[in-house]
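Results of the structural survey
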Amino acid sequence: MSNTVEAGTLVGGPVNNDTVNMAQVKTSRKGFCSVRHGLAFILHLCNFSISTQQMSMSIALPVMVNNTALPSSPNTSTERPPIDSQDNWNETLNESKAVAAVYDWTPEIQGIILSSLNYGSFLAPIPSSYMAEAFGTRYLSGSCMVITSVLALFTPLAADTGVTVLIVLRVIQGIVQVMLLTSQFSIWARWAPPQERSQLITIAVAGSVLGCFIIFLVGGYLCQGIGWPYVFYIFGGIGCVCSFLWFAVAYDDPVNHPFISTREKEYIIYSLAQEGSLPGWSLPTKAMIKSLPLWSILIFYFSDYWHFYVQTSYLPTYITSVFQANIRDSGILSALPFASSCICLVPGGLLADFLLSRKILRLNTIRKLFSTIGVLIPAVLFASVFWVRSSFSTTIAFLIISSAIKSFSQSGALVNFMDIAPRYSALLRALSQIFSYMAGAISPTVNGFLISQDPELGWRNVFLLSAAVGILGLIFYLIFGQAEVQDWAKQTCTHF
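Residues numbered from 1 in each chain as written. Predicted model: local features only at pLDDT ≥ 70, side-chain atom pairs only at ≥ 80, totals over all residues. Heavy atoms only, no water.

Now for the overall build of the protein chain. Helix and strand counts for the protein chain come out as 21 helices and zero strands. Long-range contacts, defined as pairs at least 24 residues apart, comprise 86% of the intrachain contacts of the protein chain with a sequence gap of at least 6. Put simply, the protein chain shows about 19,600 Å² of open surface, and 66% of that area lies on carbon and sulfur atoms. (Helix = DSSP H or I, 4+ residues; strand = E, 2+ residues; numbered from the N terminus. Contact = heavy atoms within 4.5 Å. Areas by Shrake-Rupley, 256 points an atom, 1.4 Å probe, with all protein chains shown as cover.)

Okay, here's the thing in structure tokens:
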């Protein structure tokens, strides 16, 4: 059966190749005023909301408890930000306590509260990929968006009720968020033409980075000005608005969308049919286990998220301890690298698609080139942060440039699973999430141990280890990575 006939099955009838001519294809690819780009923007907003909800507790917790001020390690810096940090820190805590409740939680309880969001993360990804196929991405992702936003709104009430209730709420919220982050990728198997895949996915993923930037930027001010509960109220409310927009705009495939033009619909279906891999249920488990291109992507995810968790978990602590910044200034400074990453994400995706559409580089070359740029240069800059700590401005500049260039990886290996097996995009996204959560479980623990052994040289080891892990993951990907649809992803029969 030809690809054209298979695409016709998706829409309820054969596709007429005379109708889908090259002029229509070129017209459909122009500009961003299309339903598929609108869908990417809605996913951008949803990912923004999820990211702010995930980070809200990390921002609010220091002012939710009686005393979480971090002890300062020996400071070798000769240049500091122009602030009186200790006075500002005390002022922040006092003003926060005046407008919101505080709790007598021990450091151990605080650690459990922060990590409880990930307790169910290992269990949710794979089932959610099957649920997306069974119930449809529109309803599954939309329902998850509603649930996690409502739970965010109830977080202050749960904290008042008791720490056990709060932990249970965050466990449920974490599972729901993982289901949303996994299932949304199955929609691109039916909506993203291969030559636009990088830009559409980077537009959607940029929302997560923007969320980190915004929550770091305004979280401290919200806690100090109107009280920490409003961090959850505001971003939970934004999530509810995003869920309504999702149900209004998102549909599982272009065939059933009520507002899409015929030309855009035919362009998407024809482009996906040309690729020769449509969404399906068959699962060639043995072939997937033996697939080195798949393993190269999973290992790259682990190495890339090792760096991510160092940045999100320890960058505020590093800025606080080395430069004596308070919660507000540390949040703003920690937000700057995410701002640079967010700015560069979408242009990177556009550049990758431009190189592919103009046939300047092959897809496999593009993925490996962008991955190399996104790992090697940031690794050098990140590893150098320890040696430039005597200069505050140089340190911040290195972190900002590192994050900006790091965003090129999103158009490289991090989106490569959509190339090798589009029909299993949700499942492969689930597997990649498991490896990223493994990095999230191991990286903070190892780095915390390194810092505890030596408060000063421990930071050097943290940055060097992050660079080494990233480079090793890149080497494995460069050797075994591919960008062609794998044979096991083209098969239509069921495998076990």
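Among the secondary structure elements, Ser-271 is positioned in helix α13 (residues 262-275). Take Ser-271: its relative accessible area is 12%, and that puts it in the buried class. Here Tyr-267 takes part through its backbone oxygen, which lies 2.8 Å from a polar atom of the side chain of Ser-271. Residues contacting Ser-271, with those up to four places away along its chain left out, are Pro-193 and Pro-194. (Buried < 20%, exposed > 50% of the residue type's maximum accessible area, 1.4 Å probe, protein only. Polar contact = N/O pair within 3.5 Å; in protein donor to acceptor, adjacent residues only side chain to side chain.)

Here we take up the packing of aromatic side chains. Inspection of the entire model under this criterion finds 21 aromatic pairs. Considering the side-chain rings of Tyr-230 and Tyr-233, the 5.4 Å spacing of their centres and the 90 degrees angle between planes classify their relative orientation as edge-to-face. Here Tyr-230 pairs with Tyr-233, and both are found in helix α12 (residues 229-249), just three residues apart, close to one helical turn. For Tyr-230, a relative accessible area of 40% puts it in the partly exposed group. Considering the side-chain rings of Tyr-305 and Phe-308, the 5.6 Å spacing of their centres and the 65 degrees angle between planes classify their relative orientation as edge-to-face. On the criterion of helical spacing, the pair formed by Tyr-305 and Phe-308 is a turn pair, its members being three residues apart in helix α15 (residues 292-323). Of the aromatic side chains, those joined through ring pairs into one cluster are Tyr-301, Tyr-305, Phe-308, Tyr-309 and Phe-417. One cation-aromatic arrangement involves Arg-138 over Tyr-139; the distance from NZ or CZ to the ring centre is 5.3 Å. (Phe/Tyr/Trp six-rings, centres within 6.5 Å; stacked < 30°, edge-to-face > 60°. Lys NZ or Arg CZ within 6 Å of the ring centre and 35° of its normal.)

Next up on the list: the pattern of salt bridges. A complete count under the given rule lists five salt bridges for this structure. Between Glu-264 and Arg-36 there is a salt bridge, with the nearest N and O atoms lying 3.0 Å from each other. One end of the pair, Glu-264, is in helix α13; the other, Arg-36, is in helix α3 (residues 35-64), with 228 residues separating them in the sequence. Accessibility expressed as a relative area gives 6% for Glu-264, which makes it buried. Between Asp-419 and Arg-197 there is a salt bridge, with the nearest N and O atoms lying 3.5 Å from each other. Note that Asp-419 is positioned in helix α19 (residues 417-420) and Arg-197 in helix α11 (residues 197-225), a separation of 222 residues in sequence. (Salt bridge = Lys/Arg side-chain N within 4 Å of Asp/Glu carboxyl O.)

Let's shift gears to the nonpolar core. In terms of nonpolar packing, the biggest core is built from 84 residues, with Trp-188, Trp-191, Trp-246, Met-288, Tyr-424, Leu-428 and Phe-463 touching the most fellow members. Contact partners of Leu-428, with chain neighbours within four places excluded, come to Met-288, Leu-294, Phe-417, Ile-420, Ala-421 and Trp-488. One finds Leu-151, Leu-222, Phe-232 and Leu-345 within the second-largest nonpolar core, a separate group that totals 35 residues. (Core = buried A, V, L, I, M, F, W, Y, C linked by side-chain atoms within 4.5 Å.)

The subject of this paragraph is the confidence of the model for the protein chain. Here the protein chain averages 80 in pLDDT, while 82% of its residues score no lower than 70. Of all the helices and strands in the protein chain, helix α1 (residues 3-11) carries the lowest mean pLDDT, 40, while helix α17 (residues 363-384) carries the highest, 94. This stretch, residues 68-86, has a pLDDT under 50; its non-local contacts, to residues over four places away or in other chains, come to 39 contacts. Throughout residues 492-496 the model reports pLDDT below 50, and contacts reaching past four residues in sequence, or to other chains, amount to nine contacts. (pLDDT = per-residue confidence, 0-100.)

This part covers the packing of α15 against helix α20 (residues 425-453). Between α15 and α20, the least distance of the axes is 7 Å, while the angle of their chain directions is 45 degrees. Classified by the angle between their axes, α15 and α20 sit oblique to one another. Crossing angle aside, the handedness with which α15 passes α20 is right-handed. Of the residues in the contact of α15 with α20, the class split is 20 nonpolar, seven polar and one charged. (Axes fitted to C-alpha atoms, helices over the stretch in contact; angles between N-to-C directions. Parallel < 35°, antiparallel > 145°, perpendicular 65-115°, else oblique. Left-handed = near helix turned anticlockwise from the far one by under 90°. Nonpolar A, V, L, I, M, F, W, Y, C, P; charged D, E, K, R; others polar.)

Turning to unusual backbone geometry, a few remarks are in order. In this structure, Lys-359 takes a positive phi of about 60 degrees despite not being glycine. For Lys-359, the position within the fold is in the loop between α16 (327-357) and α17.

Next up on the list: α15. With 32 residues, α15 ought to run about 46 Å at 1.5 Å a step, and its terminal C-alpha atoms sit 44 Å apart, in line with that. Most of α15 sits inside the fold, with 25 of its 32 residues counted as buried. Following α15 by one or two positions, Gln-324 has its phi on the positive side, about 55 degrees. (Expected span 1.5 Å × (residues − 1).)

Moving on, we get to the environment of Gln-173. Within the element layout of this structure, Gln-173 appears in helix α9 (residues 163-183). For Gln-173, a relative accessible area of 2% gives the class buried. When the C-alpha positions of Gln-173 and Leu-151 are compared, they lie 6.6 Å apart, and in sequence the two are 22 residues distant. For Gln-173, the residues in contact, after removing those within four places along its chain, are Gln-53, Leu-117, Thr-148, Leu-151 and Ala-152.

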